[in-house]
Amino acid sequence: MNHTVLSGFFTCLLISMLTGCNNSSDIHTESETSVFTLSGIISPVSKAPQLNADGAGVFTDGDQNRVFILSEGESIMNSFLYTYGQKYYWGDLPLTSQSDNLSISACYPAIETDSPDHFEWDTKDSHNLMVDFLYAIPANVRKGTTVPIELTFNHALHKLKINIQADGKTMTDEQIAGIVVKCRDVQPIAHLNLLKGKVISASGQLCNFESKGPKTEFIIPAQEIGTMNLLIQLGNREQVYDLSKCSIDGTSLTKLESGKCFVFNLTVSQKEFIITGQEISGWENQGEIDDSIMM
């Protein structure tokens, strides 16, 4: 599965077909044999399945989501692994309540957790580096509904994008190919409520992420800036940029928000590093980043 990172949100359709019945007992019986289908549509992303040229994409056969089902009153019922391409019926779902009023949410990747209401996603884990985490705001549905159910998925994390270029006069692209970028003093753990579709907070011992190459992305939890900084190293030269001193449209940068991207542009000459741009944008597809990410 190609993992590349999305802009804003993507839409997922849960479609079930049910013929009409005249009494409640018939409704329960027929709903169990109704088709339950999850169809994921992905708008511009980075590191996600099956991207088109414009960054849009869809989930395809074999891709998986973790789906959470709650009964009325928000008592957890169960969760199950949904695999695209397989056929499911309402009767296949782990419904442990007779309630017809349900709340359905989901996430990607299809993690396993016993605490979806306080899930921890550790971005310093080697398996999670540069992996976008998506959560869906829950939809209230009726068991066996024939109306398509729309789930809106949001980005739980924040993306930092650093673009470095040579000035073309005193330095060339070849001379900066080995440049090292470190993002330091980062809280690595994102706390999420997957049942309500909310980002709670960030925590963890402050750590550093490192990448080699002039075009770099880091995907980290949304958090206050604090002492977070970028260290740029080229040969025996280095420069530190405190993110708290960066400003967007005259306003100091105080926090990194989920679902957004901070872009930092830098030009390197033989004598200095020059900031040529900085902005906050939505989560957009801005090209593949092939440089390696290290702890």
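Residues numbered from 1 in each chain as written. Predicted model: local features only at pLDDT ≥ 70, side-chain atom pairs only at ≥ 80, totals over all residues. Heavy atoms only, no water.

*Asks:* Where do I start with the pairing of strand β27 (residues 273-282) in this structure?
*Replies:* Consecutive side chains of a regular strand alternate in pointing toward one face of the sheet and then the other. In the sheet, strand β26 (residues 260-268) pairs with β27 via 9 bridges, with the strands oriented antiparallel. By the bridge assignment, K260 is partnered in β27 with G282. Linking β26 to β27, which pair antiparallel, is a turn of 4 residues. (Pairing = 2+ DSSP bridges. Helix = DSSP H or I, 4+ residues; strand = E, 2+ residues; numbered from the N terminus.)

*Asks:* How should I be thinking about the sheet that holds strand β19 (residues 215-221) in this particular structure?
*Replies:* Through backbone hydrogen bonds, the strands of a sheet pair up, either in parallel or in antiparallel fashion. Strand order in this open sheet of 4 strands is β19-β14-β26-β27, and the pairing throughout is mixed. The open sheet has two edge strands, β19 and β27, and neither has a second partner. Geometrically, the sheet is characterised by an average inter-axis angle of 15° between neighbouring strands, direction not taken into account. (Axes fitted to C-alpha atoms, helices over the stretch in contact; angles between N-to-C directions.)

*Asks:* Whenever I open this one, the sheet that holds strand β10 (residues 119-122) confuses me. Can you help?
*Replies:* With antiparallel pairing, the 3 strands of this open sheet are ordered in space as β10-β16-β17. What marks the edges here is a single partner per strand, and that holds for β10 and β17 (198-203). Neighbour-to-neighbour, the strand axes of this sheet turn through a mean angle of 25°, independent of strand direction. With 5 bridges joining them, strand β16 (residues 189-193) and β17 adopt antiparallel strand pairing. When the sheet's bridge partners are listed, L192 is paired in β17 with V199.

*Asks:* Quick question: what am I supposed to make of the pattern of salt bridges here?
*Replies:* Should their charged atoms come close, side chains of opposite charge can pair. On inspection of all chains with the given rule, the structure shows 6 salt bridges. A salt bridge links R142 to D100; the nearest nitrogen and oxygen atoms lie 3.5 Å apart. Here R142 is found in strand β12 (residues 139-142), whereas its partner D100 is found in the loop between β8 (88-89) and β9 (101-108), with 42 residues between them in sequence. Exposure remark for D100: the relative accessible area of 15% places this residue in the buried category. K260 is the partner of E257 in a salt bridge, and the nearest nitrogen-oxygen pair spans 3.2 Å. For E257, a relative accessible area of 35% corresponds to the partly exposed category. Taking the relative accessible area as the measure of exposure, K260 reaches 32% and is therefore partly exposed. (Salt bridge = Lys/Arg side-chain N within 4 Å of Asp/Glu carboxyl O. Buried < 20%, exposed > 50% of the residue type's maximum accessible area, 1.4 Å probe, protein only.)

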